Amino acid sequence: MADVKMVNLTIEGRGVSVPDGTSILEAAKLAGVLVPHYCYHPGLPVAGVCRMCLVEVEKAPKLAPSCATAVVEGQVVHVHSPKALEARKGVLEMLLINHPLDCPICDQAGECELQDYTYQEGRAEGRYRDPKRFNPVEDFGGDVMYVANRCILCTRCVRFMDDIAHDPVLAVVERGDRALIGKFEGEDLTHAWAGNVIDLCPVGALLSKDSLNKARAWELDRAASVCPNCSQGCNMIVETRDNQVMRLRPRPNADVNEFFMCDHGRLNYRWMNRADRVDTPMVRQNGVLARADWEVALRAAAALLGGKRAFVLASPNLSNEALFLLGKLVAKTGGAGAFRVNQGQEAPLPGVKDLALRADRAANVRGAELAGFTRSDAPLSGMMAGDVLIVADEELDGVDATDAARAGAVIVVGTTLPGWARHGANVVLPIANCVEEDGTFTNLRGRVQRFFQAKAAPGLARPSFFAIGDLLASVGDGAGYWTASQTFDALAAAHTEFAGMSYDTLALKGAPTAGAMTEASA
Amino acid sequence: MTNNNEMGEMRSPGDASHDLHATYTPVFTGARKAELDELLTRYPTKMAALLPALWIVQHERGWVPAEGMAEVAAILELTPAYVKGVVSFYTMYHQHPVATHFIQVCTTSPCNVCGAEDVVNALLKQTGCEELGVTSPDGKYAVIEVECLGACGFNTPLMVNEQFIESVTVESVPALLASLG
Amino acid sequence: MGFPHTPHERESLVLSKHFGEQEAIGLDGWRKRGGYVALEKALRMEPAEIVQIVKDSGLRGRGGAGFPTGLKWSFMKPGDGKQHYLACNADESEPGTFKDREIMRWTPHALVEGCAIGAYAIGATVAYVYIRGEYTEAMEKMNAACKEAYAAGILGTNAMGTGKTVHVYVHKGAGAYICGEETAMMNSLEGRRGNPRIKPPFPAVSGLFGMPTTINNVETLAAVPHILNNGADWYKTFGRADNPKSTGTKLFSVCGNIAKPGNYEVALGFPFKDFLYDLCGGPLPGRQFKAIIPGGISVPIQTREEAENSPMDYEGFVANGTMLGSGGVIIIDDAQNLVKQIARAARFFAHESCAQCTQCREGTAWTTKILERIVAGDGTHEDLDTLLEIADNMTGKTICVLSDSCATPVVSGIQKFRPDFEALIKRKKVHMVPAQVA
């Protein structure tokens with residue numbers, strides 16, 4: 001690695017030094033210059049077909065496609081020279097001659113590279129006055145719909161399905177201006193990762209059926225997050241409108257998911273918008289769960305816990321911060337903690353190393369283990385009669401009710417109030433779900449990654465670390481935790497696996513735990 | 001499924017025009033299989049035998065049906081979509097059944113200046129096809145214009161299926177059609 | 001007007017000497033005419049010696065680009081441990097060109113021999129002859145010739161008893177002009193869509209199946225046995241004394257509005273005017289040449305006056321503002337609607353565009369639509385400016401030159417025959433409002 005030859009060149013007057021073999025386009029990115037492009041995508045093999053990324057290289061006879069041209073020592077590159085601009089203007093005009101110009105009804109509008117570059121560099125008016133070609137909209141199967149009339153034939157989708165998914169169900173069919181993206185009848189985009197073609201499509205040709213006509217791109221608020229739907233920990237963006245999650249999309253992270261996200265993760269977001277949330281603390285009075293304020297509920301919980309063992313049944317979808325504090329509660333009361341993990345079919349993305357929809361369908365399995373919780377399919381087996389059962393966002397689906405009945409009391413710290421809790425719980429403390437609070441997850445390879453609040457929690461629900469921190473304080477451990485980062489700092493100080501980490505150092509891409517680093521170097 | 005009228009009618013997956021594999025008899029058995037096996041020895045990859053394999057299908061069936069694409073794909077370890085992409089690239093593979101005498105007339109510039117369009121018109125009239133690409137009422141003929149057949153000095157050249165015929169003139173059209181029967 | 005055609009005394013018959021002789025098609029007949037002597041000799045030489053002779057002869061690619069053949073062969077590094085390939089480009093599809101077809105129809109063994117020598121010279125054991133799908137007769141002849149050559153031990157694992165391996169396989173195309181572009185041809189041979197590849201890497205580094213590959217045109221390879229038999233100096237005697245860069249004989253295909261179309265073989269540097277009038281008989285009775293395209297439809301169109309002064313070689317045509325190209329001479333006379341023919345040429349390219357590059361996929365089709373509209377009487381003067389700007393956007397900006405080729409006749413056509421376009425625009429249809437509506 002140390003022997004990589006560096007090449008020095010000048011792009012738009014800025015000197016830049018990049019490893020030998022880098023494309024001009026990538027070098028320009030490092031120099032802070034975006035070369036407009038369509039077919040190029042850093043996660044896919046180079047095609048060099050859209051001809052949008054043409055740049056002027058001094059002393060070269062022709063404009064160079066910057067995605068497919070490697071840097072040369074001493075090269076002087078002009079991205080915005082009149083010649084280069086003229087060429088790209090020409091490409092933009094050609095891309096639009098057969099385009100329906102239907103931005104007002106197109107889902108891509110607002111996040112469309114055809115729109116963006118046309119505003120940036122294109123002609124004010126097209127000169128095309130002949131009939132436009134027409135092809136019908138086609139359902140590609142899976143979550144994907146193909147609007148051929150908007151397609152610019154960049155072939156990103158074809159290359160993704162071929163080179164990354166290893167399931168080439170898409171192909172360019174026909175040729176000349178009759179060409180379009182086609183599939184074989186009966187062979188649909190059913191691959192578990194096929195939905196990525198929607199994100200990869202730079203225009204409105206491949207659309208998500210799930211989010212079709214649901215929101216305009218500019219109405220969406222966005223927050224960086226981590227997919228909670230399996231233990232892979234794909235980085236994602238949560239997009240909301242009016243406090244509703246509208247769409248989940250992958251966020252690039254070369255160490256985890258490159259640029260991709262599976263369909264299961266992407267489409268499994270409706271639970272984040274559940275309307276049947278528990279939005280107020282509750283305390284059982286005279287056999288009935290009654291609304292209470294936080295002070296009362298916390299006092300009631302502390303009273304139940306007084307001198308008893310706490311047995312925590314935790315959801316592996318809770319943050320490291322919440323699990324850490326629950327772990328402290330277990331330690332404080334001399335109790336125990338367990339969790340179980342929903343299982344599903346594993347589905348790898350073969351073109352990316354170590355990327356798969358994991359069988360463990362929970363975000364923080366590793367985090368739960370590191371927090372001292374025991375993984376078990378019979379999660380209540382470790383509970384002793386008379387323990388205070390703390391159900392931390394676990395719905396207890398399929399758990400034998402008689403098992404739970406062995407508990408001396410039940411405290412629910414959760415987002416919802418499952419049916420059994422209406423008569424089984426003594427205290428209910430409402431918390432935010434993972435898109436309503438800040439926190440971290442530790443993925444299956446031990447990578448600790450931050451997620452950010454994307455929407456407000458309902459009613460009086462509080463961030464999980466906050467609620468559990470108060471519960472802890474009410475039994476005499478500490479004085480509460482006010483922010484997620486403060487909680488994480490306490491975790492980092494207490495746990496060698498997280499030593500030296502902070503929200504600042506984790507930033508947007510995360511970092512491996514000490515154990516994960518040892519594993520990786522072994 | 002919501003759909004905008006502006007987008008036109010949406011085709012949904014799986015409305016195949018014919019039921020795959022229902023009545024399809026594989027092409028690559030016996031002699032055809034042996035022929036393909038011999039072809040495979042000529043190339044370092046299976047994929048390279050794709051064009052020859054598709055030719056075999058077309059010779060056997062007169063066109064390349066979807067089932068044929070799927071069969072070739074399976075043998076050469078490709079996907080049917082990939083094969084469809086290749087088939088549709090090359091104009092000589094027919095993706096639909098064609099008339100008994102599929103007449104392909106070169107009308108590119110060198111032939112065009114020598115009256116190729118007159119030959120086309122004569123053919124359209126005398127075959128009863130009337131329109132380009134339309135099969136004659138008796139199902140025997142279809143006439144299409146094709147691009148340069150590479151016989152520019154012998155205009156007008158045309159191909160009837162895979163038979164190459166040079167120097168066709170308006171006057172010789174009746175004799176040509178008579179010879180086809 | 002096919003063969004046999006009576007050769008003109010001023011032709012230099014090397015490749016076409018036996019065109020029209022039924023007997024020459026078969027192996028025995030070909031051997032009687034000196035066939036396979038060169039191959040036998042070559043297989044006992046060092047490959048480098050062969051490359052040197054071809055270099056010395058000055059032979060250049062006859063497919064269009066005119067790259068020196070010996071130099072191209074020398075890019076193939078012997079002993080690199082890789083499988084080398086020779087690919088013979090018999091996808092002759094440039095409108096106006098039909099010379100390779102005649103070589104394969106009449107002298108298939110000449111090509112088999114040329115391929116075998118070429119393969120041996122570049123360290124390849126396999127040569128593929130990629131023949132366009134429409135050339136059914138040429139294919140049949142080539143298949144038969146290969147079969148005979150294998151049966152006679154000329155090809156195979158012990159070629160001509162020398163213990164050396166030379167395979168020649170015929171590969172059938174399926175209807176795509178662009179497969180005549182060498183990288184598209186390689187893709188097609190590999191079983192892909194005929195999409196041209198980005199260069200670099202060049203074929204000599206990573207070509208067919210990712211291996212070092214040389215691609216030569218039919219006519220180029222067919223000339224090689226003659227060069228080995230008669231020597232490089234002999235080959236150099238054909239050509240202009242004042243232009244050593246273009247040597248040898250060249251087949252020119254002549255078509256369009258001319259008295260005697262057909263294939264003519266002349267020494268490079270032959271005066272074009274003599275060629276058109278003496279050899280090819282000049283214009284049809286009562287007509288005049290209007291426009292001449294000397295090297296296949298991709299090269300600039302010229303007026304009769306411009307064209308007639310060219311010496312027929314690589315440099316001669318370039319000096320005169322056009323190109324030798326594939327040697328397909330297309331004549332358009334004064335009875336034709338030139339704009340319609342340019343529109344027809346554009347339609348050809350629009351039909352053949354592989355659809356990869358934006359400018360080509362969209363530009364060829366757009367150009368065609370505008371031109372066809374002008375021909376239909378619905379053009380405007382702005383259309384001409386638009387056409388030229390589109391052409392500029394289509395030139396020098398794409399992976400291959402199909403896009404440039406479409407722009408060339410449009411630009412040269414408008415430059416040289418603008419009045420023809422304007423006449424069509426002037427007689428623009430007046431769109432009448434129907435009486436009952438008004």
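Participant: Please give an account of the overall build of chain C that cites residues and values.
Facilitator: The secondary structure content of chain C amounts to 17 helices and 11 strands. The C-alpha radius of gyration computed for chain C amounts to 23 Å, which stays within 12% of the reference 22 Å derived for 438 residues, consistent with globular compactness. A principal-axis box enclosing the C-alpha atoms of chain C has dimensions of 90 × 45 × 40 Å. Taken across its 438 residues, chain C has 64% of its residues classed as buried. In the structure as shown, chain C presents an accessible area of about 14700 Å², 54% of it carried by carbon and sulfur atoms. Put simply, chain C has 47 plus and 48 minus side-chain charges, and the middle of one group is 3 Å from the middle of the other.

Participant: So what's going on with the overall build of chain A? Residues and values would help.
Facilitator: Of the regular secondary structure elements, chain A holds 15 helices and 26 strands. Overall, chain A is about 85 × 55 × 35 Å in size when its C-alpha atoms are taken along their principal axes. Sequence-distant contacts in chain A: of pairs separated by 6 or more residues, those separated by 24 or more amount to 64%.

Participant: Please provide a residue-by-residue account of the interface of chain C and chain B, values included.
Facilitator: Between chain C and chain B, the residue contacts involve 57 residues of the former and 43 residues of the latter. Each partner contributes to the roughly 3900 Å² buried at the junction of chain C and chain B, and carbon and sulfur atoms together form 56% of this total. The tally of links between chain C and chain B comes to seven salt bridges. Notably, a salt bridge pairs Lys172(C) with Glu162(B), separated by 2.8 Å at the nearest N-O pair. In this structure, the connection of chain C to chain B is made through 27 residue pairs in polar contact (both at pLDDT 80 or more). Elements represented by at least two residues in the side of chain C that touches chain B include exactly α5 (99-106), β2 (124-131), β3 (167-172), α8 (182-189), β5 (249-256), β11 (328-333) and α14 (338-352) of chain C. For the side of chain C that touches chain B, a count of residues per class yields 25 nonpolar, 18 polar and 14 charged.

Participant: Let's hear about the sheet that holds strand β3 (residues 158-160) of chain B: which residues, and what values?
Facilitator: Residues and elements named next belong to chain B. If you trace the four strands from one edge of the open sheet to the other, you get β2-β1-β3-β4, paired in mixed fashion. Each end of this open sheet is capped by a strand with a single partner; those strands are β2 (141-146) and β4 (163-165). Along the sheet, successive strands turn relative to each other by an average axial angle of 20°, direction set aside. Pairing of strand β1 (residues 101-106) with β2, which is carried by six bridges, proceeds in the parallel orientation. Its bridge partner lying in β2, Val105 is registered against Glu145. Against the sheet, helix α7 (residues 173-180) makes contact with β1, β2, β3 and β4, and its axis sits at roughly 150° relative to β1, the strand it touches most.

Participant: Please give an account of the sheet that holds strand β10 (residues 206-208) of chain A that cites residues and values.
Facilitator: Residues and elements named next belong to chain A. Pairing is antiparallel across the open sheet formed by three strands, whose spatial order is β6-β7-β10. The sheet terminates laterally at β6 (138-141) and β10, the two strands that pair on one side only. Direction aside, neighbouring strands of the sheet carry axes that sit 35° apart on average. Where β6 meets strand β7 (residues 144-146), three bridges bridge the pair, whose relative direction is antiparallel. Bridge pairing links Gly141 to Val144 in β7.

Participant: Requested: an account of the packing of helix α2 (residues 50-61) of chain B against helix α3 (residues 66-76) of chain B, with residues and values cited.
Facilitator: The angle between the axes and the distance between the axes are what describe a pair of packed helices. All names here are of chain B. Two elements in contact, α2 and α3, have axes separated by 10 Å at closest approach and are oriented at 140°. In terms of crossing hand, the pair formed by α2 and α3 is right-handed. On the side of α2, the interface is formed by Leu50, Ala53, Leu54 and Val57, while α3 contributes Gly68, Val72 and Leu76. Partitioned by chemical class, the residues of the contact of α2 with α3 number six nonpolar, one polar and no charged.

Participant: A description of the side chain of Glu181(C) should follow, citing residues and the corresponding values.
Facilitator: Residue and element names in this part refer to chain C. Here Glu181 shows up in the loop between β3 and α8. We note that Glu181 is buried and unpaired, the nearest opposite charge coming from Lys199 at a distance of 4.3 Å. There is a polar contact of 2.5 Å between the side chain of Glu181 and the side chain of Thr183. Residue contacts for Glu181: discarding those within four places in its chain leaves Pro196, Lys199 and Cys400.

Participant: Describe the pattern of salt bridges, with residues and values.
Facilitator: When their charged atoms lie close together, side chains carrying opposite charge are able to pair. Within this structure, the stated rule accounts for 79 salt bridges over all chains. A salt bridge links Glu137(C) to Lys141(C), with the nearest nitrogen and oxygen atoms 3.3 Å apart. Of this pair, Glu137(C) and Lys141(C) are both found in helix α7 (residues 136-151), four residues apart, which corresponds to roughly one turn of the helix. Taking relative accessible area as the criterion, Glu137(C) reaches 28% and is therefore assigned partly exposed. Residue class for Lys141(C) comes out buried when judged on its relative accessible area of 17%. A network of salt bridges, in which partner residues are shared, links Glu166(B), Arg101(C), Glu102(C), Arg105(C), Glu137(C) and Lys141(C).

Reading the values: the criteria
- Counting of residues starts from 1 at the beginning of each chain's written sequence and follows it residue by residue.
- Here chains are named by letter from A upward and ligands by number from 1 upward, in the order in which they appear as written.
- Only residues with pLDDT of at least 70 are given local features in this predicted model, and only at 80 or more are side-chain atom pairs given and counted; all residues enter the totals for whole chains, interfaces and linings.
- Side-chain metrics in this entry use all non-hydrogen atoms of the structure; hydrogen atoms and water are not considered.
- In this text, helices come from DSSP runs of H or I with a minimum length of four residues, and strands from runs of E with a minimum of two, each type numbered from the N-terminal end.
- C-alpha atoms define the radius of gyration in this analysis, and the globule rule sets the expected value at 2.2 Å times the number of residues to the power 0.38.
- The rule is simple: take the accessible area with a 1.4 Å probe, protein chains only, and divide by the maximum for that residue type; under 20% is buried, over 50% is exposed, in between is partly exposed.
- Residue-level accessible areas treat just the shown protein chains as cover; the underlying method is Shrake-Rupley with a 1.4 Å probe.
- By the counting rule applied here, Lys and Arg register as positive and Asp and Glu as negative, while His and the ends of each chain are not counted.
- Working definition for charges: the position is that of NZ of Lys, CZ of Arg, CG of Asp or CD of Glu.
- Contact definition: two residues touch when any of their heavy atoms are within 4.5 Å.
- Buried area is a sum: the accessible area each of two parts loses on coming together, probed at 1.4 Å, counted once for each and added.
- We define a salt bridge as a side-chain nitrogen of Lys or Arg found within 4 Å of a carboxyl oxygen belonging to Asp or Glu.
- Side-chain atoms alone can form a polar contact between residues adjacent in sequence; in general such a contact is a pair of N or O atoms within 3.5 Å, and within protein one must be able to donate a hydrogen while the other accepts it.
- Polarity classes work like this: nonpolar for Ala, Val, Leu, Ile, Met, Phe, Trp, Tyr, Cys and Pro, charged for Asp, Glu, Lys and Arg, and polar for all others, with Gly in that last group.
- Only strands that DSSP links by at least two bridges are regarded as paired with each other.
- Geometry is summarised by axes, namely lines fitted to C-alpha atoms with helices restricted to the contacting stretch, and by angles between N-to-C directions that run from 0 to 180 degrees.
- Two helices cross in a left-handed way if the nearer one is turned anticlockwise from the farther one by less than a right angle. They cross in a right-handed way if the turn is clockwise.

The analysis is restricted to geometry; functional conclusions fall outside its scope.
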